[in-house]
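Working through the structure, step by step
One-letter residues, chain by chain:
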Amino acid sequence: MSSHREAPEMAKDPVADSTDVYAFVSPDRPNTVTLIANYIPFQAPDGGPNFNEFGDDVAYDINISNKGKAEADITYRFHFTTRVRDPKTFLYNTGPISNIRDTTWNRPQFYSLTRIKNGRSKVLAEHLPCPPVNIGPRSTPNYHHLATQAVHKVGSRRVFAGQRADAFHVDLGSVFDLGALRPFQHLHLIPMADTAGRNSLQGFNVHSLVLQVPISEVSRSGKAPHDPEQPGAVIGVWSAASRRKSRMFDKEKGAYVGHGPWEQVSRLGNPLFNEVITPMAHKDAWNARAPKGDAIFAKYVNHPELARLLPVLYPGVFPHLAAYHKSRADLNAILLTGIPKGIVPGFQNFTGTVESDMLRLNLAIPPTQSPNSLGLLGGDAAGFPNGRRVGDDVVAIELRAVAGVTIPLVDPSFTPDGAAGLLTDGTTDTNGGTKATFPFLGDPGGGYQTQPGTSAVS
Amino acid sequence: MSDTTRRKLLAATGAGVATGTVGLTMGPAQAGEARRSASSARESVVAYVHDHRSSEVRLMVGEREIVVHDRDLATRILNAAGGR
């Protein structure tokens with residue numbers, strides 16, 4: 001999926017596993033940009049007594065490149081601290097939690113927010129409380145109130161860190177069963193009757209870092225750009241999680257103790273890059289690298305494995321794609337450099353020639369009143385791959401792009417196969433829904449309220 | 001390698017090195033004559049010899065990693081690690 005459990009080693013470290021990154025000009029405050037980094041995939045809401053939380057031993061970064069070199073010119077770093085108020089109880093809460101500062105919450109979590117710019121760190125805020133997880137109507141009776149209390153103003157910024165409903169949607173059960181797409185599976189190499197897609201992330205939560213900052217704080221010029229074709233109008237965004245280089249288990253403390261510098265173990269820019277572009281053997285090494293070194297992975301973008309698989313898995317459906325053997329300059333632009341000026345009229349999100357996986361956002365393009373979930377493919381330049389909004393259907397967009405829909409942008413001689421523009425896994429966001437205002441991701445499903453799924457062996 | 005850095009490692013390894021449940025106490029001759037400097041680390045330190053054929057020793061202290069190249073130092077650690 002986007003980046004949930006996308007690499008073998010990272011799949012064993014969910015607290016540091018970045019699952020999705022979003023970056024968009026804020027519809028509620030268009031002079032700001034909203035940056036979201038999600039972690040800890042597949043949180044069953046009833047997963048107590050030790051409910052999910054951020055890692056105190058992880059440094060969570062949201063990086064911004066604004067000088068065209070694919071380097072982190074600005075980093076917003078989150079550090080968490082967890083307390084146990086009453087060490088004599090096994091309970092997460094000893095009564096209803098009506099306020100995020102209630103002492104009935106036995107395991108509160110706090111964080112600091114630091115901005116690193118030009119090598120200098122500045123602590124923007126400390127001791128900001130997170131909300132508890134959504135336990136149930138007895139323990140967290142007014143969850144929305146708790147979540148609202150956890151939205152903090154930090155100067156002209158707003159920040160939230162805590163549990164949210166996962167807005168990403170994909171049919172994992174189908175996709176990982178030999179690339180099946182339920183709405184089209186009668187055409188599959190191993191055919192079955194078509195059915196509607198199933199959102200595999202239904203009922204699951206994530207932990208989100210949501211930061212809204214003035215555009216002028218992250219732009220190259222220090223001002224809000226107004227000309228989309230101006231080179232400095234575009235920023236690159238990616239998340240990264242780091243752990244201490246050495247981690248030793250301290251038997252006396254019953255905890256791991258870290259030594260040495262922070263080493264990156266996870267990163268995420270474009271959705272699905274590490275998931276379906278990078279070969280499995282390189283995924284964890286990719287996670288540990290900086291985007292500016294991504295040229296070594298360009299061959300997997302230029303000749304993606306998925307584009308070769310589609311004609312095999314769907315015989316006779318993608319003849320034009322099967323016959324196309326040129327380097328995929330369209331995908332290279334979308335994923336590694338941004339789309340240069342002159343390809344899509346009035347649009348560009350080019351960040352320079354350094355091939356790097358970053359989410360690229362043109363800050364001069366205002367939010368759309370009625371967003372099209374297919375983003376730029378749907379004629380909506382405010383959506384993916386121009387940044388990424390919470391409601392963008394990145395699975396359908398990337399499936400269609402890989403299947404050849406975007407090739408004519410750079411190679412007019414190519415005619416996409418008819419099916420390419422129809423591809424979808426057939427899913428929608430069936431979780432908490434998205435919000436029109438900060439923090440944009442919906443309240444998480446509650447442990448008591450959420451019904452577990454139904455397993456089936458055959 | 002500076003004396004300061006070397007002393008840091010010797011201070012960290014100290015006169016005893018635990019290997020699993022087996023403790024090994026090195027005598028004064030093996031431990032050398034190092035004395036702690038005013039700037040020596042006052043916190044736990046992890047020493048890492050990645051390649052036993054190399055003279056490189058990596059020290060993890062606080063949020064820093066100090067890379068030293070000292071054949072003698074690496075050899076002392078390897079000898080201690082090989083103790084029974």
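What counts as what
Residues numbered from 1 in each chain as written. Chains lettered and ligands numbered in written order. Predicted model: local features only at pLDDT ≥ 70, side-chain atom pairs only at ≥ 80, totals over all residues. Heavy atoms only, no water. Buried < 20%, exposed > 50% of the residue type's maximum accessible area, 1.4 Å probe, protein only. Helix = DSSP H or I, 4+ residues; strand = E, 2+ residues; numbered from the N terminus. Pairing = 2+ DSSP bridges. Phe/Tyr/Trp six-rings, centres within 6.5 Å; stacked < 30°, edge-to-face > 60°. Lys NZ or Arg CZ within 6 Å of the ring centre and 35° of its normal. Core = buried A, V, L, I, M, F, W, Y, C linked by side-chain atoms within 4.5 Å. Contact = heavy atoms within 4.5 Å. Axes fitted to C-alpha atoms, helices over the stretch in contact; angles between N-to-C directions. pLDDT = per-residue confidence, 0-100. Patch = residues over 30% accessible without salt bridge, like charges linked within 9 Å, V, L, I, M, F, W, Y side chains within 5 Å. Areas by Shrake-Rupley, 256 points an atom, 1.4 Å probe, with all protein chains shown as cover. Salt bridge = Lys/Arg side-chain N within 4 Å of Asp/Glu carboxyl O. Buried area = accessible area lost by both parts, 1.4 Å probe. Polar contact = N/O pair within 3.5 Å; in protein donor to acceptor, adjacent residues only side chain to side chain. Nonpolar A, V, L, I, M, F, W, Y, C, P; charged D, E, K, R; others polar.

Residues and elements named next belong to chain A. Counting buried positions along strand E8 (residues 157–165) gives eight out of nine residues, so the element sits mostly inside the fold. Here three bridges tie strand E7 (residues 152–154) to E8, and the two strands are oriented antiparallel to one another. Bridged to Val154 within E8 is Arg157. Hairpin connection of E7 to E8: two residues between the antiparallel strands, including Gly155 at a positive phi of 65°. Bridge count between E8 and strand E9 (residues 205–214): eight bridges; the pairing is antiparallel. Its bridge partner being in E9, Gln163 is matched across the sheet by His207.

A few words now on the packing of aromatic side chains. Residue and element names in this part refer to chain A. Summed over the entire model, instances satisfying the criterion amount to 15 aromatic pairs over all chains. Consider the rings of Tyr314 and Phe318, whose centres lie 6.3 Å apart with planes at 90°: the pair is edge-to-face. A single burial state applies to Tyr314 and to Phe318, both of which are buried. The cationic tip of Arg138 hangs over the ring face of Tyr448; the distance from NZ or CZ to the ring centre is 5.0 Å. One cation-aromatic arrangement involves Arg244 over Trp262; the distance from NZ or CZ to the ring centre is 5.4 Å.

Side chains that are nonpolar tend, in soluble globular proteins, to be buried together. By size, the foremost hydrophobic cluster in this structure holds 104 residues, and its most contacted members are Tyr60, Tyr76, Phe78, Phe80, Leu209, Val237 and Phe318 of chain A. Non-local contacts of Tyr76 of chain A, meaning those with residues more than four positions away in its chain, are made with Tyr60, Asp61, Ile62, Ile64, Leu113, Thr114, Arg115, Leu124, Leu211, Val213, Glu217 and Val218 of chain A. Counting residues in each nonpolar core, the second largest holds nine residues, with Val57, Leu59, Leu73 and Ala74 of chain B among its members.

We now examine helix H9 (residues 329–337) of chain A. All names here are of chain A. With eight of nine residues buried, H9 is to be regarded as a mostly interior element. Of the residues making up H9, those classed as buried are Asp330, Leu331, Asn332, Ala333, Ile334, Leu335, Leu336 and Thr337. Those residues of H9 that are buried are in contact with helix H4 (273–277), helix H6 (298–302), strand E12 (359–362) and helix H10 (394–402). Backbone geometry just downstream of H9 places Gly338 in the positive-phi region, at approximately 90°.

This next bit is on the sheet that holds E9 of chain A. Residue and element names in this part refer to chain A. Strand order in the open sheet formed by five strands is E1-E2-E9-E8-E7, with antiparallel pairing between adjacent strands. The sheet terminates laterally at strand E1 (18–25) and E7, the two strands that pair on one side only. Across this sheet, the average inter-strand angle for adjacent strands is 20°, counted without regard to direction. Pairing of E1 with strand E2 (residues 32–43) involves seven bridges; the strand directions are antiparallel.

All right, on to the confidence of the model for chain B then. All names here are of chain B. Overall, the predicted model of chain B reaches an average pLDDT of 76, with 61% of residues at or above 70. Per-element mean pLDDT across chain B ranges from 38 in strand E1 (residues 16–19) up to 98 in strand E4 (residues 56–61). Note that pLDDT drops below 50 for residues 6–22; the model gives that stretch 35 contacts with residues more than four away or on any other chain.

Attention now goes to a nonpolar patch on the surface. Residue and element names in this part refer to chain A. Together, Leu178, Leu189, Ile190, Met192 and Val312 give the surface a local cluster of nonpolar side chains, amounting to about 500 Å² of exposed area. Tracing the backbone shows Val312 in helix H7 (residues 305–313). Given the relative accessible area of 48%, Val312 is considered partly exposed.

Turning our attention to H10 of chain A. Residue and element names in this part refer to chain A. The buried fraction of H10 amounts to nine of the nine residues, a majority that puts the element mostly inside the structure. For H10, the complete set of buried residues consists of Val394, Val395, Ala396, Ile397, Glu398, Leu399, Arg400, Ala401 and Val402. At its buried positions, H10 is contacted by H7, helix H8 (319–322) and H9. Directly after H10, the chain includes Gly404, whose backbone phi takes a positive value near 115°.

Here we take up the interface of chain B and chain A. As a measure of interface size, the accessible area lost when the parts come together is often cited. Taken residue by residue, the interface counts 10 residues in chain B and eight residues in chain A. Where chain B abuts chain A, roughly 690 Å² becomes buried across the two surfaces, and 57% of that area is made up of carbon and sulfur atoms. Per-residue buried area on chain B facing chain A is highest for Val46, Met60 and Glu63 of chain B; these three make up 62% of the total on that side. On inspection of chain B and its partner chain A, the count reaches one salt bridge. Across the pair Lys245 of chain A and Glu65 of chain B runs a salt bridge, and its minimum N-O distance is 2.9 Å. Applying the counting rule to chain B against chain A returns five residue pairs in polar contact (both at pLDDT 80 or more). In terms of residues, the side of chain B that touches chain A owes the most to one element, E4 of chain B, which gives three residues. Along the lines of polarity and charge, the residues of the side of chain B that touches chain A split into four nonpolar, two polar and four charged.

On to the sheet that holds strand E3 (residues 45–48) of chain B, then. Residues and elements named next belong to chain B. Here we have three strands laid out as an open sheet, ordered E3-E4-E5, and antiparallel in their pairing. On the outer flanks of this sheet lie E3 and strand E5 (64–69), each paired with one strand and no other. Direction aside, the axes of adjacent strands within the sheet are offset by 20° on average. Bridge count for E4 against E5 is six bridges, and the pairing is antiparallel. The partner of Met60 across the bridge, within E5, is Glu65. Against the sheet, helix H3 (residues 71–81) touches E3, E4 and E5, its axis set at about 75° to E4.

All names here are of chain A. Counted residue by residue, strand E4 (residues 74–82) has seven buried out of nine residues, so it is predominantly covered. Where strand E3 (residues 58–65) lies against E4, five bridges are found, and the strand directions are antiparallel. Each residue of the ladder has a partner; that of Asp61, found in E4, is Arg77. For E4 and strand E5 (residues 109–117), the ladder comprises nine bridges, and the chain directions are antiparallel. By the bridge assignment for E5, Phe80 is matched with Tyr111.

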